[in-house]
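Listed below, chain by chain, are the residues.
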Amino acid sequence: VAGSTFLLFARRRIQAWLCCFTPRYPAARRGLKEQLLDSPVSVVVPCYLPNEQHIIGGTIDHILNKLEHTGPLFVLIVYNTPRDLAVEAELHARAATQQGVPPNRRLEVMRVEGSTSKAENLNKAFEIIEDDLTVIYDADHHPDPGSLQRMLRKIANHQVDCVQGSTYIRNVSTGLLARIIDAEFFVTYFIYFVSLQFIAGTAFFGGSNALWRTQALRGEKFSTEMQTEDIEFATRQILNNKRIRFCPEARSGELAPSSLQALYKQRLRWAMGWEQVTIAHMGQVRRARISCGRKLGLVYILPMRWILALLSVVAAILTPILCISYPPHIWPLALDALFTLGFVESSLLVVCTLLESIYHEAFVQCIFVAAFMICSPVYLLCQVTMLLTSLYRILAGNTGAWVVTERAGGGARPGAQPPSAGTGAPGGAPAETARPA
């Protein structure tokens, strides 16, 4: 990971420098890119109204008025609710009159009857979308103004089926927890996921802030049985030879979980979702009609996670203990060389991460990114604990109900739904300024 991180960081900086002098792509490709930048785009926002009724209006305003796109923009709000709410009438009235909707943009609101999940809301939306390109945002997401344009360029330049952007915490002022999660998101999206794409040869869909070619979505259904329907959907798409690519510079802000308990429930659900996907699809990799490189990539992403997590704990936690107990000067030469290599790689990873954060983040957040990297052994230990807990609960048949994540800064109360129920993003919080890409 450290080596790939350094190579990718150097390549991105060199490409950014060269783009100041020469076009990166030939005229024919640039023509296709400019054509896509003006293409009609559908924006799908799945919503669980009892939990997100206080924030959905702000999200609609943000997408309609701040998201940059020169072509037509169709915003579709697909929601489910177990009971009638006053906000429904307001949303439908706004869609009927197109109040506050800028020219060349259109708003539609749809209640999905009988739905109890985000997956069902998305499945219904894909039945009516006609545009060739579709971008998906969760109900608490406020995408940066230029993020959609960045994803459009990426999907044209690389001829892929999906481009997955990155996420940050837009209400970091709510407390220390939000700052820590934001630092984690930065390291995850700008370092680990980009390196993962380099090593595995593929990215994956994360559920929000992603641009799809609608053709790849037609005829496909999100699973209502999985804790993470987005990861399961992405895995099926990769097995069907669809191409997904990361674009961390296309950023979108979401709300942070309101407490450690809410964060724990969210991360445990994510961990169980990954294990469910691994168990369900690992056997299909060998039979899939995809290249050997992509098969190895899926093996690296799915079952190899267990081995890599354990090795990371050994490297980050047991190695310092070994150094204290047995000074390195008495180690065998091979062990000493291995330790030195690990130390150099870890140092290189930290340096690249800090340089990347300086390039993209404000100074204050760079400090939290540095602190996060210093405390990475604790983070790795928590990740392994989540992995083991999720495996135990899945094998015991105790995945539990899908609990909506309570978000910081909101007045909405958290709720519980059946497995794979709608996205977890309640509460309202003032949006902060967009992050530099």
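Preceding block: the structure.
Read on for an overview of the structure.

Locating tyrosine 264 in the fold gives a position in helix H11 (residues 260-281). In this structure tyrosine 264 comes out as partly exposed when scored by relative accessible area, which is 41%. Between the C-alpha atom of tyrosine 264 and that of methionine 386, which follows or precedes it by 122 residues, the distance is 8.9 Å. What tyrosine 264 contacts, discounting residues up to four positions off in sequence, is Met386 and Thr389.

Nonpolar side chains collect at one region of the surface, where Leu322, Tyr326, Ile330, Leu335 and Leu338 lie side by side and expose about 480 Å² of accessible area between them. If you trace the backbone, tyrosine 326 turns up in the loop between helix H13 (304-325) and helix H14 (333-360). Note on tyrosine 326: relative accessible area 48%, which makes it partly exposed.

Further remarks concern the pairing of strand E3 (residues 105-111). Across 7 bridges, strand E2 (residues 73-80) lies against E3 in parallel orientation. Within the sheet, the bridge partner assigned to valine 78 lies in E3 and is methionine 110. Between the parallel pair E2 and E3, the chain is carried across by helix H5 (residues 86-97), and the sense of this crossover is right-handed.

This part is about the pattern of salt bridges. Between side chains of opposite charge, a pair can form when the charged atoms approach closely. For the coordinates displayed, the defined rule picks out 13 salt bridges. The closest approach of N and O atoms between aspartate 61 and arginine 94, which form a salt bridge, is 2.3 Å. Residue aspartate 61 is found in helix H4 (residues 56-66), and its partner arginine 94 is found in helix H5; the two are separated by 33 residues along the sequence. Glutamate 127 is paired through a salt bridge with lysine 221; the nearest N and O atoms lie 3.3 Å apart.

Of note, aspartate 182 is situated in helix H8 (residues 176-200). For aspartate 182, a relative accessible area of 2% translates into the label buried. Not counting residues within four places of it along the chain, the set of residues in contact with aspartate 182 comprises Tyr168, Ile169, Val172, Glu361, Gln365 and Arg435.

Time to look at the sheet that holds strand E1 (residues 41-48). If you walk across this open sheet you meet the 8 strands as E3-E2-E1-E4-E7-E6-E8-E5, and the pairing is mixed. Looking at which strands have only one partner, the edges of the open sheet turn out to be E3 and strand E5 (142-143). Bridge count between E1 and E2: 8 bridges; the pairing is parallel. Residue valine 44 lies in a different strand from E2, and its bridge partner there is leucine 76.

A few words now on the pairing of strand E8 (residues 244-254). Counting buried positions along E8 gives 10 out of 11 residues, so the element sits mostly inside the fold. Note: E5 against E8, 2 bridges, orientation antiparallel. From the neighbouring strand, histidine 142 faces E8, where its bridge partner is glycine 253. Examined bridge by bridge, strand E6 (residues 162-169) and E8 share 7 bridges and lie parallel to one another. Bridged to valine 163 within E8 is arginine 245.

Moving on, we come to the nonpolar core. Counting 56 residues, the largest nonpolar core has Phe204, Phe205 and Trp212 as its most contacted members. The leading source of residues in this core is H8, at 12 residues. Those residues in contact with tryptophan 212 that sit more than four places away from it in its chain are Asp132, Leu133, Thr134, Ile136, Ile155, Asp161, Cys162, Phe205, Leu217, Phe233, Gln237 and Ile244. Counting residues in each nonpolar core, the second largest holds 37 residues, with Val45, Ile60, Val135 and Ala139 among its members.

Gaps left between atoms are located by rolling a probe of water-molecule size over the structure's atoms. If you walk through the whole model with that rule in mind, you get 1 cavity of 30 Å³ or more. Volume-wise, the largest cavity comes out at about 50 Å³. Breaking the lining of the largest cavity down by element, the ones donating at least two residues are helix H10 (229-239) and helix H12 (292-301). A total of 4 residues in the lining of the largest cavity trace back to one element, the largest contributor, which is H10. By residue class, the composition of the lining of the largest cavity is 8 nonpolar, 1 polar and no charged.

Conventions adopted
- Residues numbered from 1 in each chain as written.
- Predicted model: local features only at pLDDT ≥ 70, side-chain atom pairs only at ≥ 80, totals over all residues.
- Heavy atoms only, no water.
- Helix = DSSP H or I, 4+ residues; strand = E, 2+ residues; numbered from the N terminus.
- Buried < 20%, exposed > 50% of the residue type's maximum accessible area, 1.4 Å probe, protein only.
- Contact = heavy atoms within 4.5 Å.
- Patch = residues over 30% accessible without salt bridge, like charges linked within 9 Å, V, L, I, M, F, W, Y side chains within 5 Å.
- Areas by Shrake-Rupley, 256 points an atom, 1.4 Å probe, with all protein chains shown as cover.
- Salt bridge = Lys/Arg side-chain N within 4 Å of Asp/Glu carboxyl O.
- Pairing = 2+ DSSP bridges.
- Right-handed = clockwise from strand over helix to strand, strands pointing away.
- Core = buried A, V, L, I, M, F, W, Y, C linked by side-chain atoms within 4.5 Å.
- 1 Å grid on protein atoms, 1.4 Å probe; cavity = no way out; pocket = protein on both sides within 12 Å on 5 of 7 lines; lining within 4 Å.
- Points joined across faces, edges and corners; volume = space filled by probe spheres on them.
- Nonpolar A, V, L, I, M, F, W, Y, C, P; charged D, E, K, R; others polar.

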